[in-house]
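# Secondary and tertiary structure notes
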Amino acid sequence: MNYKYLTFFLLTISFKMVSAQAVLSSDELFKLARTAAFDQKNYPLAISLSKQALVKKPDYSDISIFLGRLYTWSDKLDSARTVFTGVLNKHPDNEDASLAYGSLEYWNNNSAKALQLVNNGLKYHNQSKDLILLRAKVLNDLHQYKAADSSLDVLIKADPTNSDARSLADRVKDNASINKISLSYDYIYFDKEFNNPWNIVEIDYTRHTGLGAIVGTLNYANRFNSNGLQYEVDAYPHISKMFYAYVSGAYSGNEGVFPKYRSGFSLYANLPDSFEGELGFRYLYFTGSTWIYTAAVGKYYKNFWFNFRTYLTPSYSAVSQSYTLTTRYYTGGTDDYFTFAIGTGISPDDPRNIVLLNNGINYKLSSDNILVGYRRTFKLNIFFINASLENQEYRFQTRGNQWDIGIGYQKRF
């Protein structure tokens, strides 16, 4: 039906509501209300139609809950609360009413009330996936991370393909562990470009605070027949339910082995439908400055996580581009997965090859890479291994291979 004719049809119904009451049933009015809300985004008309349906059938809980949602979407929160309370007073076991009322309070920064409503709903529906997921969101907002993590573990075991649960679980898992220590080692072999292999060791300590996680890292590298140390501090401050940030700074007195200075910033957004987005920059200083801009979009789908990222490095004559597509396949919890990545160019977030961005080294030369990895949890102990191959044009029309094998261990406590 043409948009204009449908709008005219719905408006005609609203102006002839008295006669419609005598002809249309509560179900028919409910259907028209949903059409007005979802197809036309005409919430006032949908509210009017829902009220008329309730005149015919006052105890129709589905219409009452829909009316409460319409009030919520229209920012008439007190009216929504009145409707939801009325339904729950008559039917305390109504799952949809608990979910709708709890969601209202959660999104309006009243998570303590939301938790009360969700817990009451779970008394009657302890297997409800929607209520368990909302409970985890509320607990995360209340900084009760271990309880949120426990709820998500239950949900993911029952429904391993729940994308929303996996999207939240990755964030909650880091929050749930107040302390975290990681140790990793990479051995890098070149068949042509360099005579000697590179060795890189990274040890870091993460402490979760009320504002977000703070990470202190010590990096060691042996490359170009030289040893070097780099000191780094990263932070992941929470901004809101939707946004958080990444702030980083690093220093090394061993230029060449590491950049003398490195810094970075990214703004992350947790988007609807298990999407996530990122915009940011990275800054490197060896003997001159290099600015690199990054953007990424990620998506959780069933047991998979997909992420596409680009790095853009502008210069006077062109823009160097790097692209990477990363996929994870989860075999269990949030720290049990296989990784596959394929890309082009050099990443400023990759400690193995960051020195190749030294003031435009390899700026116009091509690079293709592939990586596979596996990560496995044993209680609070996490082990991981990865292997990668990079085919680099290290001189014009001259290519060589770079092989990397990396292993690591992480302890949460």
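Let me begin by describing the structure that accompanies this report.

Scoring rules and cut-offs
Residues numbered from 1 in each chain as written. Predicted model: local features only at pLDDT ≥ 70, side-chain atom pairs only at ≥ 80, totals over all residues. Heavy atoms only, no water. Helix = DSSP H or I, 4+ residues; strand = E, 2+ residues; numbered from the N terminus. Buried < 20%, exposed > 50% of the residue type's maximum accessible area, 1.4 Å probe, protein only. Contact = heavy atoms within 4.5 Å. Lys, Arg positive; Asp, Glu negative; His and termini not counted. Charge placed at Lys NZ, Arg CZ, Asp CG, Glu CD. Core = buried A, V, L, I, M, F, W, Y, C linked by side-chain atoms within 4.5 Å. Phe/Tyr/Trp six-rings, centres within 6.5 Å; stacked < 30°, edge-to-face > 60°. Lys NZ or Arg CZ within 6 Å of the ring centre and 35° of its normal. Pairing = 2+ DSSP bridges. Axes fitted to C-alpha atoms, helices over the stretch in contact; angles between N-to-C directions. Left-handed = near helix turned anticlockwise from the far one by under 90°.

Let us now look at the overall build of the protein. When helices and strands are counted, the protein shows 11 helices and 14 strands. Dimensions of the protein along its principal axes, counting C-alpha atoms only, are 90 × 50 × 30 Å. Across the 413 residues of the protein, 46% fall into the buried class. For the protein, the proportion of contacts with a sequence separation of at least 24, taken over those separated by at least 6, is 47%. Put simply, the protein has 43 plus and 38 minus side-chain charges, and the middle of one group is 4 Å from the middle of the other.

Nonpolar side chains in soluble globular proteins generally cluster together in the buried interior. Among the nonpolar cores identified, the biggest contains 30 residues, and Leu49 and Phe84 are the most heavily contacted of them. Discounting chain neighbours no more than four positions away, the residues touching phenylalanine 84 are Ile65, Gly68, Arg69, Thr72, Ala100, Tyr101 and Leu104. Formed by 21 residues, the second largest nonpolar core is a distinct cluster that contains Val118, Leu131, Leu134 and Ile156.

This part takes up unusual backbone geometry. Unlike most non-glycine residues, aspartate 75 shows phi in positive territory, near 65°. Mapped onto the secondary structure, aspartate 75 falls in the loop between helix H5 (61-73) and helix H6 (77-90). You can call aspartate 75 exposed: its relative accessible area is 59%. One non-glycine residue with positive phi stands out, namely asparagine 225, at about 60°.

All right, on to the environment of valine 87 then. You can see valine 87 is positioned in helix H6. With relative accessibility at 6%, the residue valine 87 sits in the buried group. Along the backbone, valine 87 and arginine 69 are 18 residues apart, and their C-alpha atoms lie at a distance of 13 Å. Beyond its immediate chain neighbours, meaning those up to four positions away, valine 87 contacts Ser61, Ser64, Ile65, Asn94 and Ala97.

One pass over the structure, following the stated rule, counts 28 aromatic pairs. When the centroid spacing of 5.4 Å and the interplanar angle of 40° are considered together, the rings of tyrosine 236 and tyrosine 246 count as tilted. In this pair, tyrosine 236 is assigned in strand S4 (residues 226-237) and tyrosine 246 in strand S5 (residues 243-251), connecting sequence segments 10 residues apart. The ring centre of tryptophan 198 lies 5.3 Å from the NZ or CZ of arginine 223, which sits over that ring. In this structure, arginine 328 is placed above the aromatic ring of tryptophan 305, and the distance from its NZ or CZ to the ring centre is 4.4 Å.

Taken together, the 10 bridges between strand S1 (residues 179-190) and strand S2 (residues 198-209) define a ladder with antiparallel strand orientation. Within S2, the position partnered with aspartate 186 by the bridge is isoleucine 200. Inspection of the sheet shows S1 paired to strand S14 (residues 398-412) by 11 bridges, in the antiparallel sense. When the bridges of S14 are listed, leucine 183 appears paired with tyrosine 409.

Direction vectors running N to C along helix H10 (residues 145-158) and helix H11 (residues 163-176) enclose 145°, while the axes themselves pass 9 Å from each other. Crossing angle aside, the handedness with which H10 passes H11 is left-handed. Across the interface between the two elements, Tyr145, Lys146, Ala148, Asp149, Leu152, Asp153, Leu155 and Ile156 from H10 touch Ala165, Arg166, Leu168, Ala169, Val172, Lys173, Asn175 and Ala176 from H11.

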